[in-house]
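One-letter residues, chain by chain:
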Amino acid sequence: MVGNDIRFSAGALVISGGLFAIYRALRPFSDERSLLGGAAFGSAAWLASHMLAIAAFSLLPLGLLGLQRSLRGTSAERLLLSPSS
């Protein structure tokens, strides 16, 4: 069962990273103070890229939770839970 959890969390992190890369490649960038910005916001590419970002942000905490669970009971757990200075 633990192996499946690790594979799921690793897969969630990989898919999330891939979706973020596709988001950056697909999103139209333009001057947001002009009509070009309005046209970019109204495009299908803008909508699709942001839907991919939503999916990526949804998978990211699942992957990070799995990473935290896989580090439980190891020497790296102390570093994971210590507050940053």
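The rules we used
- Residues numbered from 1 in each chain as written.
- Predicted model: local features only at pLDDT ≥ 70, side-chain atom pairs only at ≥ 80, totals over all residues.
- Heavy atoms only, no water.
- Helix = DSSP H or I, 4+ residues; strand = E, 2+ residues; numbered from the N terminus.
- Rg over C-alpha atoms; globule rule 2.2 N^0.38 Å.
- Buried < 20%, exposed > 50% of the residue type's maximum accessible area, 1.4 Å probe, protein only.
- Areas by Shrake-Rupley, 256 points an atom, 1.4 Å probe, with all protein chains shown as cover.
- pLDDT = per-residue confidence, 0-100.
- Phe/Tyr/Trp six-rings, centres within 6.5 Å; stacked < 30°, edge-to-face > 60°.
- Patch = residues over 30% accessible without salt bridge, like charges linked within 9 Å, V, L, I, M, F, W, Y side chains within 5 Å.
- Salt bridge = Lys/Arg side-chain N within 4 Å of Asp/Glu carboxyl O.
- Contact = heavy atoms within 4.5 Å.

Of the regular secondary structure elements, the protein holds four helices and zero strands. Listing every helix and strand of the protein by position from the N terminus yields α-α-α-α. Taking 85 residues into account, the globule formula puts the C-alpha radius of gyration at 12 Å, and the protein, at 18 Å, lies well above it. Taken along its principal axes, the extent of the C-alpha atoms in the protein is 55 × 35 × 15 Å. Within the protein, the fraction of its 85 residues that count as buried is 15%. Accessible surface, the protein: about 6200 Å² in total, of which carbon and sulfur atoms supply 70%.

This paragraph deals with the confidence of the model for the protein. The predicted coordinates ought not to be read in detail in places where the model reports low pLDDT. With 95% of its residues at a pLDDT of 70 or more, the protein has an overall mean of 86. The secondary-structure element of the protein with the lowest mean pLDDT is helix 4 (residues 76-81), recorded at 76, while helix 3 (residues 44-70) shows the highest, at 93.

One pass over the structure, following the stated rule, counts two aromatic pairs. Ring geometry for F20 versus F57: centroids 4.8 Å apart, planes at 80°, classification edge-to-face. Residue F20 is found in helix 1 (residues 2-26), and its partner F57 is found in helix 3; the two are separated by 37 residues along the sequence.

On the surface, L47, M51 and I54 cluster together into a nonpolar patch covering about 320 Å² of accessible area. Structurally, I54 can be placed in helix 3. By relative accessible area, I54 is classed as exposed at 51%.

Relative to the assigned elements, S9 resides in helix 1. Classification of S9 by relative accessible area gives buried; the value is 6%. Excluding its chain neighbours within four sequence positions, the residues that come into contact with S9 are L62, G63, G66 and L67.

On to the environment of L36, then. With respect to the secondary-structure elements, L36 resides in helix 2 (residues 35-41). The exposed category is assigned to L36, whose relative accessible area is 59%. Spatially, the C-alpha atom of L36 lies 45 Å from that of L80, the residues being 44 residues apart in sequence. When residues no more than four places from it in sequence are discounted, the contact partners of L36 are S30 and D31.

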